[in-house]
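So you can see what is in the structure, the chains are spelled out below.
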Amino acid sequence: MHKKRVFSGVQPTGNLHLGNYLGAIKNFVDLQSKFECIYCIVDLHAITNRQNPKELRSNILETVASFIASGLDPKKNIIFNQASVAAHSELAWVFNCVARIGWMNRMTQFKEKAGLNKENASVGLLVYPNLMAADILIYKATHVPVGEDQKQHLELTRDIAKKFNNDFNCGEYFPIVEPLIPKEISRVMSLRDGKKKMSKSEDSDQSRINLKDTKDLINQKIKKAKTDNEPIPSEIDGLKNRSEAANLISIYGSLNEIKMSEVLKEFGGKNFSTFKSKLIESIVDKICPIGDEINKLLKDKSHLDNILALGAKRADNIAKENLKEIYKIIGLTKFT
Ligand code: TYM
């Protein structure tokens, strides 16, 4: 039996948004009182696409600031950046040799990110899921809180763990991880198109609520958010084929920690303008204090660096020991 341990990661690729918060970070905060948790800023994943070095450095600090501002306690949890712990990359190489090329080719995120010009994508983008599996398994983590878009990568992590355990006949050395995906809001959708997920890479800033958006901006974005001409239904069935409406209802439910059915009980029959003013209030109440705190924390960069340095040490201690065991299983010796 493996000790319960939570691991998750977020890419430092710019503004974190409401999708990152409701799909993942809010869950990180809830889990910190129940489990030993390790939260990583996955800077090595970020460079699978070209990054400006100066911006990358500042985005890493902004991501730590966003974690702390959202309520993560750096004393209770291990918070660090991936590049600080070499064992992630070392185990990723091992997994490059365990995972099959066909498995990589099936990943929908690779297909989406590589687009039509697959031949020109970085090799790193193709083997991205192996590094992700290494992030998790180097700590023998058992539970991984993520949004629904990462589910396929976690299934691959399970496949890699099973194949390694089997190939090297080492019982259940690597745990078979459990994804923790929020039930009612597994995927926050764009405010402009209910069929696309809310994302940092979407061109229009109107499509997302960023954690650092001001009250005025939130007000404007939600007022403009796409809906339809029907009133709000009283039952979940009434949201079928109404992806924009369903998205706003689930955001409201998640922010207020109530089920979608209860939101519909409260607003069923009403029009969207009444609902949107309540939604704006909820977003402003939750997100603006986080944004203010991010800006405050960013004024003291050495404090953020210290958090990362301390977290890196704690993470490295666990990862180094596990890598030694893993190498031994494979028949490799590390003399350093
Ligand atoms: P990333 O940086 O794209 O996103 C960070 C987290 O936010 C969630 N998320 C969303 N959830 C709901 N709705 C949305 N619109 C939305 N957009 C983003 C993501 O599911 C994720 O949980 N590959 C990962 C990072 C990673 C990782 C790991 C995660 C690297 N190693 C190990 C877990 C464990 C990624 O790109 O997340």
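These numbers were taken from a predicted model, which means no experiment stands behind them. (Residues numbered from 1 in each chain as written. Predicted model: local features only at pLDDT ≥ 70, side-chain atom pairs only at ≥ 80, totals over all residues. Heavy atoms only, no water.)

K.L.:
Where do I start with the overall build of the protein in this structure?
P.N.:
Secondary structure summary: the protein contains 13 helices and 5 strands in total. The C-alpha atoms of the protein give a radius of gyration of 21 Å, which matches the 20 Å a tight globule of 336 residues would have. Looking at the protein alone, contacts between residues at least 24 apart form 76% of all its contacts between residues at least 6 apart. When the accessible surface of the protein is totalled, it reaches about 16600 Å², and 50% of it is carbon and sulfur. Each charge sign in the protein was given a centre, from 51 positive and 41 negative side chains, and these centres are 2 Å apart. (Helix = DSSP H or I, 4+ residues; strand = E, 2+ residues; numbered from the N terminus. Rg over C-alpha atoms; globule rule 2.2 N^0.38 Å. Contact = heavy atoms within 4.5 Å. Areas by Shrake-Rupley, 256 points an atom, 1.4 Å probe, with all protein chains shown as cover. Lys, Arg positive; Asp, Glu negative; His and termini not counted. Charge placed at Lys NZ, Arg CZ, Asp CG, Glu CD.)

K.L.:
Help me out: how do you make sense of the site of the ligand in this one?
P.N.:
If you check the shell around the ligand, you find 27 residues, and the closest are Q11, Y128, D135, D149 and V188. Within the side chain of D135, an N or O atom sits 2.7 Å from a nitrogen atom of the ligand. Isolated, the ligand exposes 710 Å² of accessible area, and the fraction of that covered by the protein chains is 97%. Using a 2 Å cut-off from the grid points, one finds that the ligand occupies the largest pocket. Secondary-structure elements contributing two or more residues to the shell around the ligand are strand 1 (5-10), helix 1 (18-31) and helix 7 (123-137). Taken together, the residues of the shell around the ligand break down into 11 nonpolar, 11 polar and 5 charged. (Near = heavy atom within 4 Å. Polar contact = N/O pair within 3.5 Å; in protein donor to acceptor, adjacent residues only side chain to side chain. 1 Å grid on protein atoms, 1.4 Å probe; cavity = no way out; pocket = protein on both sides within 12 Å on 5 of 7 lines; lining within 4 Å. Sits in = over half its atoms within 2 Å of the grid points. Nonpolar A, V, L, I, M, F, W, Y, C, P; charged D, E, K, R; others polar.)

K.L.:
Got a minute to help me understand the pattern of salt bridges in this structure?
P.N.:
A pair can form between side chains of opposite charge whenever their charged atoms are brought close. Counting across every chain of the model gives 19 salt bridges. Across the pair K26 and E257 runs a salt bridge, and its minimum N-O distance is 3.0 Å. Here K26 is found in helix 1, whereas its partner E257 is found in the loop between helix 10 (243-256) and helix 11 (260-267), with 231 residues between them in sequence. Accessibility expressed as a relative area gives 13% for K26, which makes it buried. Linked through salt bridges whose partners overlap, the residues forming this network are D205, R208, D213 and K221. (Salt bridge = Lys/Arg side-chain N within 4 Å of Asp/Glu carboxyl O. Buried < 20%, exposed > 50% of the residue type's maximum accessible area, 1.4 Å probe, protein only.)

K.L.:
Help me understand the domain arrangement of the protein in this model?
P.N.:
Accessible area lost upon the coming together of the parts is a frequently used measure of interface size. Parsing the protein into structural domains produces domain 1 (5-186 + 300-330) and domain 2 (205-296). Using C-alpha coordinates to define each centre, domain 1 is positioned 29 Å away from domain 2. Both sides together, the interface formed by domain 1 and domain 2 hides about 1500 Å², and carbon and sulfur atoms give 65% of it. At the junction of domain 1 and domain 2, the tally comes to 2 salt bridges. A salt bridge links E62 to K212, with the nearest nitrogen and oxygen atoms 3.4 Å apart. Counting the contacts that link domain 1 with domain 2 gives 5 residue pairs in polar contact (both at pLDDT 80 or more). When residues of the side of domain 1 that touches domain 2 are traced back to their parent elements, those giving at least two are helix 1 and helix 3 (53-70). If one sorts the elements of the side of domain 1 that touches domain 2 by residue count, helix 3 sits on top with 5 residues. (Domains from an automatic or database assignment. Buried area = accessible area lost by both parts, 1.4 Å probe.)

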